[in-house]
Amino acid sequence: MSETALVERELPNVVPMAQAAITPMAMINLAVQQGADIDKLTKLMDLQERWEKNEARKAFNEAFAAFKAEAVKVIKNKLVSAGPLSGKKYAELFSVVDAVTPALSQHGLSASWSMTKDEKDWMEVTCTLKHIKGHSESVSMGGPPDAGGAKSAIQARASTTTYLQRYTLKAICGVSESGDDTDGASNKGPEPDGEGKKALEKCGSLDALAKAWSALTPEQRKTLGAVKESCKKAIQDAEKAAQ
């Protein structure tokens, strides 16, 4: 019998140390076989739990890096037609969800919200990003109910909830809306049509304003939404004062 054959016969189950996977679970199995006591098994089970959490965290980081490599674009789909932000566009909640969900799901990630504070004058929403291996990370944001625009109490709370959901989802995913200002400069939007603006501002009643608006071209209307709302408010205020 050759010397090599003799070694193989004597050590048939030798596994190189570099290839042996030593995990807490393997250590638990070995401890059970050796009749370890409860205290030792408990410590090994705690070690296994920490090991699993660390593996889950690494899987989350790998998945999130892959998600970021998708370079998800969130498109601003809503044009503000009145108020101080008139002419600016933003992405509604469904637009953000539609943009990030396919790429998140592709890499085993999912996002969800919870209302973590719901008081009379303050609301807080938490967005949690979770991986299928169990690790999760969260971002929270709060604010008062949005009572602007003559909203009802329920509408005010719903508006704030939607706003907080939109911004926490963008924050936890690390995405921004396409066209976001990068230097703090404001986006004024297109300049109002001069002739159309004059026509609207001459109106002294809501009926006259409606007729003047109908006489405008579609292109003019695109630039005059804020002017129309401003004229409408001025007419309504004047009518209230005259009563």
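Residues numbered from 1 in each chain as written. Predicted model: local features only at pLDDT ≥ 70, side-chain atom pairs only at ≥ 80, totals over all residues. Heavy atoms only, no water.

Looking only at helices and strands, the chain features eight helices and seven strands. Expressed as a percentage of contacts within the chain between residues at least 6 apart in sequence, the contacts between residues at least 24 apart total 51%. (Helix = DSSP H or I, 4+ residues; strand = E, 2+ residues; numbered from the N terminus. Contact = heavy atoms within 4.5 Å.)

Let us now look at the packing of aromatic side chains. Summed over all chains, the structure comprises three aromatic pairs. An angle of 5° between the planes, with centres 6.2 Å apart, marks the rings of Phe60 and Phe64 as stacked. Taken together, the positions of Phe60 and Phe64, both in helix H3 (residues 38–69) and four residues apart, correspond to about one turn of that helix. Of the residues examined, Phe60 reaches a relative accessible area of 3% and is grouped as buried. Relative to Tyr167, the ring of Tyr163 has its centre 4.6 Å away and its plane inclined at 35°; by these criteria the two rings are tilted. Taken together, the residues span about one helical turn, with Tyr163 and Tyr167 both in helix H5 (residues 153–173) at a distance of four residues. Take Tyr163: its relative accessible area is 39%, and that puts it in the partly exposed class. We note Lys170 situated over the ring of Tyr167; from NZ or CZ to the ring centre the distance is 4.6 Å. (Phe/Tyr/Trp six-rings, centres within 6.5 Å; stacked < 30°, edge-to-face > 60°. Buried < 20%, exposed > 50% of the residue type's maximum accessible area, 1.4 Å probe, protein only. Lys NZ or Arg CZ within 6 Å of the ring centre and 35° of its normal.)

Before going further, it helps to examine the pairing of strand E5 (residues 123–131). By the criterion of burial, E5 is predominantly enclosed, with seven of the nine residues buried. Both strand E4 (residues 109–118) and E5 contribute to a ladder of nine bridges, which runs antiparallel. By the bridge assignment for E5, Trp113 is matched with Cys127. Following E4, the chain reverses through four residues before pairing antiparallel with E5. Looking at chain direction, E5 and strand E6 (residues 136–143) are connected through eight bridges and run antiparallel. Looking across to E6, one finds that Val125 is bridged to Met141. As consecutive antiparallel partners, E5 and E6 are separated by four residues, and within that stretch Gly134 has a phi angle of approximately 115°, a positive value. (Pairing = 2+ DSSP bridges.)

Strands belonging to one sheet form pairs held by backbone hydrogen bonds; the direction of such a pair is parallel or antiparallel. One open sheet holds the three strands; their spatial order is E4-E5-E6, and the pairing between them is antiparallel. With one partner strand each, in any of the chains shown, E4 and E6 form the two edges of the open sheet. Put simply, the sheet's adjacent strands are angled 20° from each other on average, direction ignored. Here helix H4 (residues 93–106) sits on the sheet and contacts E4 and E5; the angle it forms with E4, its principal contact strand, is near 135°. (Axes fitted to C-alpha atoms, helices over the stretch in contact; angles between N-to-C directions.)

So, about H5. Taking 1.5 Å as the rise per residue, H5 with 21 residues should run 30 Å; its terminal C-alpha atoms sit 31 Å apart, in good agreement. Of all the residues in H5, the buried ones are Ala156, Thr160, Thr161, Leu164, Gln165, Arg166, Thr168, Leu169, Lys170, Ile172 and Cys173. Two residues or fewer after H5 comes Gly174, characterised by a positive phi angle close to 70°. (Expected span 1.5 Å × (residues − 1).)

Below, the discussion takes up the nonpolar core. One finds Phe67, Val100, Leu104, Leu109, Leu169 and Cys173 to be the most contacted residues of the largest nonpolar core, which totals 17 residues. Looking at this core, the elements with two or more residues in it are H3, H4, E5 and H5. Take this core: its biggest share by element is four residues, from H4. In terms of nonpolar packing, the next biggest core, distinct from the first, is built from ten residues, Cys203, Ala212, Leu216 and Cys231 among them. (Core = buried A, V, L, I, M, F, W, Y, C linked by side-chain atoms within 4.5 Å.)

Unusually for a residue other than glycine, Ala71 sits at a positive phi of about 50°. Inspection of the secondary structure puts Ala71 in the loop between H3 and strand E1 (74–75).

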